[in-house]
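Here's the letter readout for the chains.
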Amino acid sequence: MAKTYGILTLNKISSVGLKRLPTASYRIGNDIAEPDAILVRSQNMHEMDIPASVLAIARAGAGTNNVPVAQMSARGVPVFNAAGANANAVKELVITGMLLASRNIVPALGFVASLQGDDASLHKQVEDGKKHYAGIELRGRTLGVIGLGAIGRLVADAAIRLGMNVIGFDPEITVDAAWSLPSQVKKANTVEELLKHSDFVTLHVPLLPATKGLINEKRVQTMKSGSVLLNFARDAIVDEAAVLAGLASKHLRGYVCDFPTAQAQGQAGIIALPHLGASTEEAEDNCAMMVADQVRDYLEHGNLVNTVNFPTLVMARESNYRLAIANANVPNMLGQISSTLAGAGINIHTMMNKSRGEMAYTLVDVDSLVPAEVIAQLAAIPGVLKVRDLPLDTK
Ligand SMILES: NC(=O)C1=CN([C@@H]2O[C@H](COP(=O)(O)OP(=O)(O)OC[C@H]3O[C@@H](n4cnc5c(N)ncnc54)[C@H](O)[C@@H]3O)[C@@H](O)[C@H]2O)C=CC1
Ligand SMILES: O=C(O)CCC(=O)C(=O)O
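Residues numbered from 1 in each chain as written. Chains lettered and ligands numbered in written order. Predicted model: local features only at pLDDT ≥ 70, side-chain atom pairs only at ≥ 80, totals over all residues.

Under an unreviewed UniProt entry, the name given to the protein chain is D-3-phosphoglycerate dehydrogenase, and the organism recorded is Ferriphaselus amnicola. What the UniProt record of the protein chain gives under Sequence similarities (unreviewed entry) is the line "Belongs to the D-isomer specific 2-hydroxyacid dehydrogenase family." (UniProt positions renumbered as here; feature names shortened; annotations may be inferred.)

And the structure:
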């Protein structure tokens, strides 16, 4: 009988993506027991008892801070994301956020909603009251972008098209990302340099120990007087109390974020959206399609693309029998894997191994069926975290 896979969904995942997992071999739902993979958006998985059956977790989005990545690495389980698939949606909301703040749109809408009377009275109140909501233009102002990955690059490009000057800071920028940046983007050497010169500052970094509290009290004070901070990355990247103090003293003009909190609720200068950055039909479909394809390729063929904890490794099938082995990145793993196979009289057709940090991953195409006892021997090699037997279904 052909193998079937169970996919547990923890949030609503677009059906456009789920359709890429054929119903003949995939059972998908929010109540799948002993799933082979989990698809998730923002649900916090840190306290979840993740079943031992799970071979892969895929975040239908960019940030994986809601997934216990280190715990999964120790189990040899890759954590996938949908790199770049929702970047355009976030870019459009960031530009919206800059316009909302620069033109005082939120209080202006509140003013209009509060008006009462007939048309003539409304007209008078509007003309008298509009002076309180006069704004500033984006053209000619400076945007500082912290994090020039998939989203930051698109935001930089859009801002330049609106006539803004753009400064960027990203000490870990990839060569490809640097090539794709508009030449007008100026490089800041430090966060402080960027903050000092920017009228708007937008954050597009992942939440990591190194980025937690990136915008702290000292840095709020370093920001230009009258500037606006935009945070569509993660709440903990900003020390919100410091930002509220900056708003109260009028040092900051506004804080636009995707993460409402009780302490910021209703405070002047705050525009908080309900984590809407990636909430467009297009982004939800793109993310779901990307992770469905990645998970399917991993479950069926062991290929790894777009994980946050494993190397990228894709190998075309060259035989009907494949082993996928997740192991610690320590000496002599390949030697032990090949000698175990040789000892069992199994010929290696092709073998590829790649590492990333402490993790390594090996795909081995062999010429004959691998008996269960050999799989057990491989799994028992110290440092081997997971062994998967992936014979092609040739029926
Ligand atoms: N509000 C929402 O709905 C969404 C929020 N996000 C958040 O935005 C983050 C960024 O998303 P992408 O641009 O797609 O990720 P990405 O991985 O393409 O880019 C992140 C960039 O940040 C840079 N970076 C890392 N540490 C840094 C530091 N200390 N200083 C400056 N740069 C640093 C990296 O080098 C990389 O270029 C995600 O991790 C997620 O938390 C992403 C999508 C939707
Ligand atoms: O799935 C969502 O709506 C949240 C998107 C997000 O925060 C991310 O992709 O990092």
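On we go from here.
Brief notes about the overall build of the protein chain
The secondary structure content of the protein chain amounts to 13 helices and 16 strands. Seen through its principal axes, the protein chain has C-alpha atoms that stretch 90 × 45 × 35 Å. The buried share of the protein chain, reckoned over its 395 residues, is 41%. Long-range pairs, those at least 24 residues apart, make up 64% of the contacts in the protein chain with a sequence separation of at least 6. (Helix = DSSP H or I, 4+ residues; strand = E, 2+ residues; numbered from the N terminus. Buried ≥ 20, exposed ≤ 12 C-beta atoms within 10 Å, placed from the backbone. Contact = placed C-beta atoms within 7 Å.)

Here's the deal with the site of ligand 2
Within the structure, ligand 2 sits among R41, S42, G61, A62, G63, N86, H275, G277, A278 and S279. In terms of residue class, the shell around ligand 2 is made up of two nonpolar, seven polar and one charged. (Near = placed C-beta within 6 Å. Nonpolar A, V, L, I, M, F, W, Y, C, P; charged D, E, K, R; others polar.)

Examining the domain arrangement of the protein chain
Under the domain assignment used here, the protein chain contains domain 1 (1-86 + 280-309), domain 2 (87-272) and domain 3 (311-395). One C-alpha centre belongs to domain 1, the other to domain 3, and the line joining them spans 23 Å. For the side of domain 1 that touches domain 3, the residue count by class is three nonpolar, six polar and two charged. (Domains from an automatic or database assignment.)

Overview of unusual backbone geometry
Located in the positive-phi region is N104, a residue other than glycine, with phi close to 55°. Structurally, N104 is set in the loop between helix 3 (87-102) and helix 4 (105-114). With 19 C-beta atoms counted inside 10 Å, the residue N104 sits in the partly exposed group. Phi at K250 takes a positive value of approximately 65°, unusual for a residue other than glycine. On the basis of neighbour count, K250 is assigned to the exposed category, with 11 C-beta atoms found within 10 Å.

Things to note about the confidence of the model for the protein chain
Per-residue confidence for the protein chain gives a mean pLDDT of 97; residues scoring 70 or more make up 99%. Scored by ipTM, the complex comes to 0.99, with pTM at 0.96. (pLDDT = per-residue confidence, 0-100.)

Remarks on the site of ligand 1
In the vicinity of ligand 1 there are 33 residues, among which G63, G147, G149, P206 and G277 approach most closely. Its residues assigned to classes, the shell around ligand 1 shows 18 nonpolar, 11 polar and four charged. Both domains that furnish three or more residues to the shell around ligand 1 are identified here as domain 1 (1-86 + 280-309) and domain 2 (87-272).

Here's the deal with the pairing of strand 1 (residues 5-9)
Burial runs high along strand 1: four of the five residues are buried. Across three bridges, strand 1 lies against strand 3 (residues 37-40) in parallel orientation. Pairing of I7 across the sheet is with A37, part of strand 3. (Pairing = 2+ DSSP bridges.)

Considerations on the UniProt feature "domain: ACT" (unreviewed entry) in the protein chain
Mapped onto this numbering, the UniProt entry annotates "domain: ACT" (unreviewed entry) at residues 322-392. Segment residues 322-392 splits into 27% helix and 42% strand. End C-alpha atoms: 8 Å apart.

Considerations on the sheet that holds strand 16 (residues 384-389)
One key point about sheets: their strands pair by backbone hydrogen bonds, in either a parallel or an antiparallel sense. Strand order in the open sheet formed by four strands is 14-15-13-16, with antiparallel pairing between adjacent strands. Because the sheet does not close on itself, it has two edges, and the strands there are strand 14 (348-356) and strand 16. Going from strand to strand, the sheet's axes swing by 15° on average, the running direction of each strand aside. Of the strand pairs in this sheet, strand 13 (residues 321-328) and strand 15 (residues 359-366) are connected by eight bridges, and their pairing is antiparallel. Across the sheet, the residue bridging to N327 is A360, located in strand 15. Packed onto the sheet, helix 13 (residues 372-379) meets strand 13 and strand 16 and runs at close to 160° relative to strand 16. (Axes fitted to C-alpha atoms, helices over the stretch in contact; angles between N-to-C directions.)

Focus on the pairing of strand 10 (residues 227-231)
Among the five residues in strand 10, five count as buried, and that is most of the element. What you see with strand 10 is no split at all: S227, L229 and N231 on one side and V228 and L230 on the other are buried throughout. The sheet contact formed by strand 9 (residues 200-203) and strand 10 spans four bridges and is parallel. Across the sheet, residue F200 finds its bridge partner in strand 10, namely V228. Between the parallel elements strand 9 and strand 10, the chain passes through helix 9 (residues 217-222) in a crossover that is right-handed. Chirality of the crossover, the property in question, places the unit of strand 10, helix 10 (residues 240-248) and strand 11 (residues 252-257) among those that are right-handed. (Right-handed = clockwise from strand over helix to strand, strands pointing away.)

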